[in-house]
Amino acid sequence: MTVRITRAAAKLGPAAPVRAVHLGLGAFHRSHQAWYTACAPEWGIAAYTFRNTELPRALTEQEGAYTLRVPGEVDAVEAIGSISRAHAGGEQEQWLRDLASPEVEVLTLTVTEAAYARPEPHRDSAMGRVLAGLRARHRAHGAPITLVPCDNVPANGEVLRSVIRAAAAGDPAFVEWTEAQVGIVSTVVDRITPAPGTDAAEEAARVIGFQDAAPVVAEPFTEWLLSGNFTGERPPWERRGARFVNDIGAYTDRKLWFLNGAHTLLAYAGLAHGHRTIRDAVRDARLAALVQEWWDTAARHINVDTSEIGEYRRNLFMRFAARGIRHELAQIAGDGSQKIPARLLPVLRAERAAGRLPAAVVIGLACWLRHVQTAEVRDPRAAELVEAARSREPVRRTLIALDHDLGTDDDLVSAVAAEHRTPAPKVG
Ligand code: CS2
């Protein structure tokens, strides 16, 4: 019989005192920030999710321990013990206590792109919780803390700072404290980590030899770039390769346009062609060509050395095609209205300014529209998008919903409409 994973069973040692808090406990946190923090046995994380109660319950039963499996020629398996406590929604008091604890010096966030788009954080939103936590800390003693946003949002630290400034306005003492004592860094995070499938636990028992109700599977590649200052202590993430850089802008564009942009195109075009995963999609020559065309287009606007971009592209293509990583297109297709603006639109705008209509983006937008018209749409703006997509002018109205200027660009609207009229041939 397989043994349930615990700290003792996995030889992890006792849980470290909580010095970091995380909001957005999911697969990505466990393969990324928690993995980096595991290099520092003196730093424990209190990880929160206000969405999924199953996962914190499973982790609590396992004393925070879980396994990360990295498929390769031989699967690498690591037991991770950096999560000292896991909490679910409803534990608001504990959240406030943790953020007010002087022992806590870092708050990392993976709260999805949508969270940054809400300028007025209401109480139950991710930003509302961050604000409530900061206020509790300010009231209690005001010791410094640094926020580390880890979402695929350009200049995520700056966006977070402006959300906090806007919400704090009208409370001068709080404003002064957040400006002086709340550090906020910007980051680029990268590690392909699909949502664990229904067979993940069984697979973990087979490969790992432990019964693990919270297993994670991720690719071997991982990257964490940070820019900005911490106001207090932080875990020595550089021990596992995190890098501190001065100018994060070019790295952000590279990650969001090349990796996430290609993911988004593959998600909509891949679904339209009848594929299920990223690996299936890039093994289809037509979609592989679409990705290369998109990368050629994006490369015209990026401030990174050409040979470096060439290397990055080759590596990225292999990551997409890797065996053992089952990344569902349907997962990536969610939240398009929040993802497309950061991943595709900066390049589209630069191309339009140069008088060009980039074919890859036109195809991507047409396939996104088809997705909104035919699939079950998971998006914070689903109702509005579905209404636009079912209207008498679906292309124009959906593009307007995405970005007003795009929807009033007649040449773009005609090109997307022409593409939308030609359904993609299904495979198989
Ligand atoms: C993906 C990302 O789901 C998505 O939208 O594009 O989660 C992607 O896998 C990560 O950013 C990789 O670092």
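See the structure printed just above.
Residues numbered from 1 in each chain as written. Predicted model: local features only at pLDDT ≥ 70, side-chain atom pairs only at ≥ 80, totals over all residues. Heavy atoms only, no water.

(A) Here's a closer look at the packing of aromatic side chains. In total, this model carries 12 aromatic pairs according to the counting rule given. An angle of 70 degrees between the planes, with centres 5.1 Å apart, marks the rings of Tyr36 and Trp224 as edge-to-face. On the criterion of sequence distance, the pair formed by Tyr36 in helix 2 (residues 33-37) and Trp224 in strand 13 (residues 223-227) is long-range, its members being 188 residues apart. Ring geometry for Phe174 versus Trp177: centroids 6.0 Å apart, planes at 25 degrees, classification stacked. You can see Phe174 and its partner Trp177 sitting in helix 8 (residues 172-181), three residues apart, about one turn around the helix. Overall, the relative accessible area of 0% leaves Phe174 in the buried class. Positioned over the ring face of Phe50 is Arg129, at 3.5 Å from the centre of the ring. Just above the ring of Trp35 sits the side chain of Arg240; from NZ or CZ to the centre is 4.3 Å. (Phe/Tyr/Trp six-rings, centres within 6.5 Å; stacked < 30°, edge-to-face > 60°. Helix = DSSP H or I, 4+ residues; strand = E, 2+ residues; numbered from the N terminus. Buried < 20%, exposed > 50% of the residue type's maximum accessible area, 1.4 Å probe, protein only. Lys NZ or Arg CZ within 6 Å of the ring centre and 35° of its normal.)

(B) Up close: the sheet that holds strand 5 (residues 76-80). Taking strand neighbours across the sheet as the criterion, the three strands line up as 5-4-12 in an open arrangement whose pairing is mixed. Taken across any chain shown, the strands that pair with only one partner, and hence form the sheet edges, are strand 5 and strand 12 (216-217). Summarising the sheet, strand 4 (residues 66-70) and strand 12 pair through two bridges and their orientation is parallel. Bridge pairing in strand 12 links Leu68 to Val216. (Pairing = 2+ DSSP bridges.)

(C) Fine view of the environment of His141. With respect to the element layout, His141 can be found in the loop between helix 6 (126-140) and strand 8 (145-149). When its relative accessible area of 37% is taken as the criterion, His141 is described as partly exposed. Residues His141 and Glu158, 17 residues apart in the sequence, show an inter-C-alpha distance of 25 Å. Excluding residues within four positions of it along the chain, His141 makes contact with Ala100, Ser101 and Pro102. A distance of 2.9 Å separates a polar atom in the side chain of His141 from the backbone nitrogen of Ala143. (Contact = heavy atoms within 4.5 Å. Polar contact = N/O pair within 3.5 Å; in protein donor to acceptor, adjacent residues only side chain to side chain.)

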